[in-house]
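What follows is each chain in one-letter form.
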Amino acid sequence: MTLLKKFIIFGLICILLGSFGLLGMYFYVKNELPSVEVLKEVRLQTPMKVYSKDGQLISQFGEKRRIPLALDDIPQQLINAFLATEDSRFYEHPGIDIVGLMRAVFGEVIGQNKGGGSTITMQVARNYFDLTRARSYIRKLKEIFISLHIEQILTKDEILTLYLNKIPLGHRSFGVGAAAQVYYGKDVSELTLAQMAIIAGLPKAPSTLNPISRPERAKNRRAVVLGRMLEMGFITKQTYQATKEAPITAKRHGAQITAPAPYVAEMVRREMVDRFGAEEAYTGGYQVYTTIIAKNQIAAQQAIINNLHDYDIRHGYRGVEKYLWQEPIMTVAPDSNTGSLQISTPEEQVANAALEPRRDDSMAWDADAIANALKYKKSYGDLQPAVVTSITEKTAYIQLKDGSYDVLDWQGMAWARPYINDSTQGEAPTRTSDIIEPGALIYVKPNSEGRLQLSQLPKPSSALVSLSPQNGAIEAIVGGYNFYLSEYNRATQAKRQVGSNIKPFLYSAALDNGYTLASVINDAPINKWDKRQGVAWRPKNSPPVYDGPTRVRRALAQSKNVVAVRLLRGTGLNQVTDHLIKFGFAPDDLPFNESLALGSAALTPLELATGIATFANGGFLIEPYLIERIEDSFNQPVYQAKPLTVCPECETYEELDDSQFPLAPRIISAENAFLIAQAMESTIWGGGSWKYKTAWMGTGWRAQALKRKDISGKTGTTNDAKDTWFSGFTPGLVTTVWTGYDDPNRSLGRTSNFKHVIDDQIVGGEAGATAALPAWIEYMKTALADLPERTIDIPKGIMSVRVDLKTGLLATKNDYTSRFEFFMQGTEPTQYVTDDRAPIVFDLDDEAKVEEEQELFY
């Protein structure tokens with residue numbers, strides 16, 4: 001009895017000392033313990049997602065992949081797998097598992113890792129409060145105290161939910177939702193038991209047990225998880241056996257981006273960082289819904305790519321980037337003029353149509369060596385690298401980056417005339433060896449029939465902007481050939497001279513200053529002495545054809561430069577620049593001289609499209625916008641756009657409740673906008689009579705391929721074709737395309753010797769109609785497919801009378817010599833044409849007014 005009493009007393013003393021020791025340790029680390037109250041309002045770090053207007057995923061930003069889930073959204077067997085493996089007594093212990101903890105302590109004493117020390121609650125404490133994973137007694141004590149506190153303020157289900165959404169599971173995935181997506185490309189509800197067991201086995205060592213980099217280890221770990229599930233009665237023996245032998249099916253899956261648009265994504269990213277700051281934008285779980293229409297965006301990107309490749313085909317093949325095995329043998333030949341020996345490279349020989357390069361095919365690389373070389377070459381969309389392994393007279397056999405093989409037929413190579421410079425190409429090749437030899441590192445891409453053809457990275461650039469003229473919603477925007485080749489967004493950042501795309505705005509000013517579409521202007525050369533520079537200024541038409549007295553409608557449709565200059569003179573430089581500023585153009589971008597009439601103003605494609613929208617919507621200035629709304633990680637609205645919206649019927653309201661939308665301001669009359677749209681329609685459809693040989697074509701006639709009567713447009717080309725444009729619209733959509741080199745001093749050049757090589761290709765000098773319009777047409781075929789044909793409504797202040805085509809006066813004949821023309825009421829002609837009446841021509845060569853304005857400016 002005495003011994004028993006001593007043992008009891010000893011035990012009580014130990015318990016008392018242990019309690020005091022535990023209390024002392026608590027006070028020792030108390031100040032270092034975080035408040036677990038924050039777990040009640042925890043917000044998981046979730047990446048930002050960017051969507052199109054129709055819900056397609058455009059991009060995702062954020063280092064950590066996470067898909068937050070409620071416990072009810074997680075399959076019970078997946079929960080069971082984690083409980084069986086990580087903490088089988090989770091619903092029984094108070095946050096620490098005494099049995100497991102004692103086992104771990106005993107293992108430490110005998111020098112063996114017995115495991116079982118950390119509960120799910122303790123892992124939550126470690127993961128949410130960034131406790132180090134380094135093994136130390138202080139860290140373990142902190143985990144214990146935090147875990148006990150967590151259990152007091154949260155339910156078991158709440159703790160388990162936090163755990164399953166936070167646990168790191170490898171490949172930057174955090175939580176079971178992200179892991180299911182990363183490893184299997186599935187929602188958690190679609191996982192098989194074998195896949196659930198793989199994921200449940202990852203917390204122990206995500207980097208060394210994951211099924212992508214360590215499939216064998218992952219399979220062994222899966223067997224352990226399934227064994228624990230069997231022990232706890234979660235699965236049957238039969239299920240255990242069948243699942244244990246299932247193959248490892250994991251592979252890395254990126255975010256399920258269904259409408260990739262990198263330029264759009266980057267625009268959104270910048271705006272979100274400006275709004276919320278970088279850390280909050282990337283981790284706050286925001287869902288950004290843009291105004292982008294997915295099918296339009298995809299069509300826009302493809303149109304830009306195809307158009308640039310077509311340009312590159314026209315201008316010739318710049319040659320093989322390099323040969324992987326033996327370089328062409330250099331040859332020595334006597335100079336034809338001096339007779340002295342000259343050393344020439346094979347490239348020079350090919351360019352000069354001299355001797356052909358020779359190679360030793362015994363030096364050819366094997367498939368593995370070629371694959372290794374291709375591994376480091378980037379692909380750009382459909383454009384992929386390849387190596388020529390052998391050739392025949394009219395074919396080339398190639399090895400692709402993925403290790404597969406294909407054949408280039410002659411149709412896919414016949415275009416490859418040697419590129420000499422932007423305006424000169426060599427003769428068409430006659431056999432494969434004129435173009436490539438074995439060992440050539442090349443690029444290929446699919447043609448319209450799906451067969452691979454020889455290709456190359458285009459040198460020029462391009463941009464496209466497409467938006468709603470009713471509220472400025474951007475439906476598609478492309479900043480270049482490929483974002484990963486150049487992040488520079490030419491649609492929003494590149495101010496380039498607009499060429500004749502300025503003319504609709506200039507003509508709009510003229511209509512507000514006494515001119516009509518039937519006014520006759522002299523289309524004749526101009527020779528003006530510039531006393532400041534001491535030279536004569538001689539603006540020319542392109543092409544340099546002059547038709548004499550020409551109606552305003554036709555002058556705009558055929559882009560007559562000298563007529564534009566004369567209209568600027570007649571309207572006044574001050575009046576024209578003031579008018580252009582109404583469209584949102586910055587005064588600093590508008591040169592205050594007569595070159596303004598030829599398009600020397602510098603604008604971005606987005607600025608130009610915004611201005612053109614005024615003619616499509618009846619005279620209102622809209623503001624382009626890209627973000628429709630922003631939602632937080634709980635799908636609650638954070639931001640909703642309220643764009644300036646066109647509402648003609650709202651103009652008469654003296655008081656307007658704009659809680660739903662603010663009104664876009666009117667900047668020109670509905671009549672003015674209608675008349676310019678009418679003239680721009682003639683850019684596409686022309687006029688006159690083919691039967692009586694009076695027909696004429698507008699510069700945008702290729703757009704007739706759309707077979708729609710509700711389209712209007714304008715080409716634009718600057719000097720030497722350094723910038724080329726096409727802007728066009730229907731009442732429901734405005735689109736602008738720019739094409740040129742990033743170097744503003746480089747011309748797009750011209751092509752020749754080509755039409756006999758590939759049908760339907762463009763020859764001659766590059767211009768807006770050839771370098772920009774084809775992309776516009778290709779895009780609009782898709783963008784307008786779901787928009788019914790709808791012409792612009794005729795405003796009340798517009799009237800139509802039949803005018804004589806030669807004089808613009810009232811017609812006396814109802815035949816091919818006349819047409820109905822639209823006028824603002826009060827501006828229509830009042831005199832009839834007679835046989836002896838000559839046209840009233842506005843020659844407008846009095847330069848005194850313009851010179852006086854310029855003197856005041858300077």
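## Considerations on helix 6 (residues 156–166)
- Burial analysis of helix 6 places 9 of its 11 residues in the buried class, which makes it a mostly covered element.
- By the burial criterion, the buried members of helix 6 are Lys156, Ile159, Leu160, Thr161, Leu162, Tyr163, Leu164, Asn165 and Lys166.

## What to know about the pattern of salt bridges
- Tallying each qualifying case throughout the model produces 23 salt bridges.
- With a closest N to O distance of 3.4 Å, Glu271 and Arg275 form a salt bridge. Pair noted here: Glu271 and Arg275 are both in helix 12 (residues 262–276), with a separation of 4 residues, about one helical turn.
- The exposure class assigned to Arg275 is partly exposed, which follows from its relative accessible area of 37%.
- Through salt bridges with shared partners, one network takes in Glu266, Arg269 and Arg270.

## Points about the environment of Met48
- Within the element layout of this structure, Met48 appears in strand 1 (residues 48–51).
- By relative accessible area, which is 0% here, Met48 ends up buried.
- Distance in space between the C-alpha atoms of Met48 and Glu280 is 9.3 Å, their sequence separation being 232 residues.

## Looking at the pairing of strand 9 (residues 405–408)
- Examined bridge by bridge, strand 8 (residues 396–400) and strand 9 share 4 bridges and lie antiparallel to one another. Counted as the bridge partner of Ile398 is Asp406 from strand 9.
- Linking two consecutive strands that pair antiparallel, namely strand 8 and strand 9, is a turn of 4 residues; a positive phi of about 90 degrees is found at Gly403 within it.

## Side note on the sheet that holds strand 24 (residues 712–717)
- The strand order across the open sheet formed by 5 strands is 15-14-26-25-24, and the pairing between neighbours is antiparallel. Single-partner strands in this sheet number two, and they are strand 15 (474–478) and strand 24. Along the sheet, successive strands turn relative to each other by an average axial angle of 5 degrees, direction set aside.

## Observations regarding a nonpolar patch on the surface
- A surface patch of nonpolar side chains, about 360 Å² in accessible area, is lined by Trp690, Met697 and Trp701.
- Structurally, Met697 is set in the loop between helix 23 (670–685) and strand 24.
- Residue Met697 is classed as partly exposed on the basis of its relative accessible area, which comes to 31%.

## Describing the confidence of the model for the protein chain
- Mean pLDDT over the protein chain: 85, with 81% of residues reaching 70 or higher.
- Confidence drops under pLDDT 50 across residues 328–358; counting only partners more than four residues distant or on other chains, this segment forms 43 contacts.
- The model gives residues 849–858 a pLDDT under 50, and that stretch makes 25 contacts with residues more than four places away or in other chains.

## Let's talk about the side chain of Gln678
- Relative to the helices and strands, Gln678 resides in helix 23.
- Sequence-distant contacts of Gln678, that is, excluding residues within four places in its chain, are made with Leu517, Arg553 and Phe822.

## Points about the packing of helix 2 (residues 76–86) against helix 6
- Close contact between helix 2 and helix 6 brings their axes to 12 Å; oriented N to C, the two are set at 95 degrees. For the element pair helix 2 / helix 6, the angle class is roughly perpendicular. Residue-level inspection shows Ile79, Phe82, Leu83 and Glu86 of helix 2 in contact with helix 6, the latter providing Leu160, Tyr163 and Leu164.
- Taken together, the residues of the contact of helix 2 with helix 6 sort by class into 6 nonpolar, no polar and 1 charged.

## Here's the deal with the sheet that holds strand 3 (residues 287–290)
- The strand order across the open sheet built from 5 strands is 2-1-3-22-23, with neighbouring strands paired in mixed fashion. Two strands bound the open sheet, and with one partner strand each, they are strand 2 (57–61) and strand 23 (637–640). Shown here is a sheet whose adjacent strand axes are inclined to one another by a mean of 15 degrees, direction ignored.
- Relative to strand 3, strand 1 runs parallel, the two sharing 3 bridges. Among the inter-strand pairings, Val50 is bridged to a residue of strand 3, identified as Val288.

## Some remarks on helix 20 (residues 561–571)
- For helix 20, the buried fraction is high: 10 of the 11 residues fall into the buried class.
- Regarding helix 20, the residues found buried are Asn561, Val562, Val563, Ala564, Val565, Arg566, Leu567, Leu568, Arg569 and Thr571.
- Where helix 20 terminates, the next one or two residues include Gly572, which has phi positive at roughly 105 degrees.

## Description of the side chain of His309
- Among the structural elements, His309 can be located in helix 14 (residues 294–315).
- His309 gets classed as buried once you look at its relative accessible area, which sits at 4%.

Each value, and the rule that gives it
Residues numbered from 1 in each chain as written. Predicted model: local features only at pLDDT ≥ 70, side-chain atom pairs only at ≥ 80, totals over all residues. Heavy atoms only, no water. Buried < 20%, exposed > 50% of the residue type's maximum accessible area, 1.4 Å probe, protein only. Helix = DSSP H or I, 4+ residues; strand = E, 2+ residues; numbered from the N terminus. Salt bridge = Lys/Arg side-chain N within 4 Å of Asp/Glu carboxyl O. Pairing = 2+ DSSP bridges. Axes fitted to C-alpha atoms, helices over the stretch in contact; angles between N-to-C directions. Patch = residues over 30% accessible without salt bridge, like charges linked within 9 Å, V, L, I, M, F, W, Y side chains within 5 Å. Areas by Shrake-Rupley, 256 points an atom, 1.4 Å probe, with all protein chains shown as cover. pLDDT = per-residue confidence, 0-100. Contact = heavy atoms within 4.5 Å. Parallel < 35°, antiparallel > 145°, perpendicular 65-115°, else oblique. Nonpolar A, V, L, I, M, F, W, Y, C, P; charged D, E, K, R; others polar.

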